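# A look at the structure
For reference, the chains in residue letters:
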Amino acid sequence: MQLKRTGEDATGEPDKKKPRVEESHVQRDKERLAKKLDTPKEASVIPDQIKSSSLSQAMPIEKISAIRAKIIARKRTTIKGDDTMEKSTEQSVFIDAEVDVTRDIISRERHCRTRTSVLQSIGKEFAKNIFGILQSIKTREEGGARQQAPGTTENVVQSTPTTQAKPQQLIGYSRYDQERFRGKEETEGFKIDTMGTYHGMTLKSVTEGASAKKLQAPAAAPNQAAPMSRPVSMARPPANLKKGSKTAIIIIPAATTSIITMYNAKDLLQDLRYVSMEEKKAQGAKRDNEVLLQRMKPGASTVPYRVIDNPLKLLPEDWDRVVAVFVQGPAWQFKGWPWDGNPVDIFSRIKAYHLKWTELPLDPNVKKWSVHVLNMDRHRRHLDRATLNQFWEILDKHMAKNKPHLRF
């Protein structure tokens, strides 16, 4: 016979596995959850919200607000205490780490001192130093006054060693005191005190006495003309040394058919590259009466040179500064020049050059003159620098030998 369990028996075993939860436990869990949710919030709860919450049913509103205020106040004080401890700890660590560095910095510090602060320093006496300086100035002025009065200086000089002389303690005869009896014989009539001494005297007084004796000699014979040596600065300068400019002058041909003209003289001699006259005119260049070029030398130094094409405007004293001339070929180029316009005499004093294209023949006059020929290529411009450097090398040797007083 089969028996069926009742409803209570059927549910008995599950009741043991799943305990029955009463309503009071649920209420406590809700309150605990509400406390956890409200703990991190620092803002006060609005009374209307408190009234509507389930916590207000078990506890008065005033008590809940007081508990919450105590919790917030406790948290605030705890946090402040932790911050203060952390800050103090950080500061102490920072100070301990920087003690050595701070001590080193303080040891190297120097107090700022001004003229006023130095004069107001404690423990310093400036009277001794100042009075010593004033006394030395006074003594120097008195020494200058003695030198201006030669009559009085002789008495002072003669009396100085006498007053400082040792007292004669030996009155009787002594074999070690013979100088006292032979003084006039040994000095040959000169007023020399062999018993005098400079012991105890300052160096200044000794030097003043020597200078006074030197000044006394020319004062004794004013009519005698003493020979005077001329200083080096007043010596007569050489004949080729001029008081004016020391800038060397280079003369070029005035003909427009010349390779070097006033248009491209700076490009050739300063930049060491050839630029045709037509190119310079196309660039808007104008013809100048003279050109001042700056030659670059080793060591980043520059030397000025004056380039002209009309030598008839030179003054007679300017011809000494002419160091080079570019020869065109015809002899009439030297008409009106010094030395009667004779090319042989001119080239013996001035270095001559002839600039021509490589493919062109040499001028007959240039062949028979002492002229250095510079051949330039008409198309290969990279060869210009080597050719024009020869010009400067030869000119430097000529100036070092014949014009050393000019700048080069």
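Presented here is a report on the structure given in the accompanying data block.

### Some thoughts on the overall build of the protein
The secondary structure content of the protein amounts to 16 helices and six strands. Within the protein, the fraction of its 408 residues that count as buried is 24%. Within the protein, contacts between residues at least 6 apart in sequence are counted, and of these 57% link residues at least 24 apart.

### What about the side chain of aspartate 309?
Within the secondary structure layout, aspartate 309 lies in the loop between β3 (301-308) and β4 (322-326). In this structure aspartate 309 comes out as buried when scored by relative accessible area, which is 10%. Beyond its immediate sequence surroundings of up to four residues, aspartate 309 is in contact with Ile252, Pro253, Ala254, Met262, Arg287 and Asn289.

### Quick look at the packing of aromatic side chains
Here the structure, examined in full by the defined rule, presents 12 aromatic pairs. Ring centres of phenylalanine 391 and tryptophan 392 lie 4.9 Å apart, and the angle between their planes is 70°; on these two criteria the pair is classed as edge-to-face. For tryptophan 392, a relative accessible area of 3% puts it in the buried group. Members of the aromatic cluster, each reached through a chain of ring pairs, are Trp319, Phe334, Trp337, Trp339, Phe347 and Trp369.

### Some points on the sheet that holds strand β1 (residues 248-251)
In spatial order, the strands read β2-β3-β1-β4-β5-β6; together these six strands make up an open sheet with mixed pairing. Whereas interior strands pair on both sides, the edge strands pair on one side only; in this sheet they are β2 (290-297) and β6 (372-376). Neighbour-to-neighbour, the strand axes of this sheet turn through a mean angle of 30°, independent of strand direction. Bridge analysis of β1 against β3 gives four bridges, and the strand direction is parallel. Across the sheet, isoleucine 249 pairs through a bridge with arginine 306, a residue of β3.

### Here we look at unusual backbone geometry
The backbone phi angle of tryptophan 339 is positive, close to 60°, even though this residue is not glycine. Locating tryptophan 339 in the fold gives a position in the loop between β4 and α14 (343-349).

### Notes on the environment of methionine 376
Here methionine 376 is to be found in strand β6. Among residues more than four places away in sequence, those in contact with methionine 376 are Leu268, Tyr274, Leu355, Lys356, Trp357, Thr358, Arg381, Asp384 and Thr387.

### Some remarks on empty space enclosed by the protein
Considering all chains together, one arrives at one cavity of 30 Å³ or more under this definition. Volume-wise, the largest cavity comes out at about 30 Å³. Along the walls of the largest cavity sit Pro253, Ser258, Ile259, Ile260, Phe326, Val327, Gln328 and Leu355, which together make up its complete lining. Residues of the lining of the largest cavity, tallied by class, amount to six nonpolar, two polar and no charged.

### A word on the pairing of strand β5 (residues 351-357)
With six of seven residues buried, β5 lies mostly within the body of the structure. The sheet contact formed by β4 and β5 spans three bridges and is parallel. Pairing of alanine 324 across the sheet is with lysine 351, part of β5. Where β5 lies against β6, five bridges are found, and the strand directions are parallel. Within β6, the residue paired with histidine 354 across the bridge is valine 373.

### Quick word on the environment of asparagine 264
Take asparagine 264: it is sitting in the loop between β1 and α12 (265-269). Spatially, the C-alpha atoms of asparagine 264 and valine 275 are 6.1 Å apart, while their sequence positions differ by 11 residues. Not counting residues up to four positions away in its chain, the partners in contact with asparagine 264 are Ile259, Tyr274 and Val275. There is a polar contact of 3.0 Å between the side chain of asparagine 264 and the backbone oxygen of isoleucine 259.

Scoring rules and cut-offs
Residues numbered from 1 in each chain as written. Predicted model: local features only at pLDDT ≥ 70, side-chain atom pairs only at ≥ 80, totals over all residues. Heavy atoms only, no water. Helix = DSSP H or I, 4+ residues; strand = E, 2+ residues; numbered from the N terminus. Buried < 20%, exposed > 50% of the residue type's maximum accessible area, 1.4 Å probe, protein only. Contact = heavy atoms within 4.5 Å. Phe/Tyr/Trp six-rings, centres within 6.5 Å; stacked < 30°, edge-to-face > 60°. Pairing = 2+ DSSP bridges. Axes fitted to C-alpha atoms, helices over the stretch in contact; angles between N-to-C directions. 1 Å grid on protein atoms, 1.4 Å probe; cavity = no way out; pocket = protein on both sides within 12 Å on 5 of 7 lines; lining within 4 Å. Points joined across faces, edges and corners; volume = space filled by probe spheres on them. Nonpolar A, V, L, I, M, F, W, Y, C, P; charged D, E, K, R; others polar. Polar contact = N/O pair within 3.5 Å; in protein donor to acceptor, adjacent residues only side chain to side chain.

That's the geometry; what it means functionally is another story.
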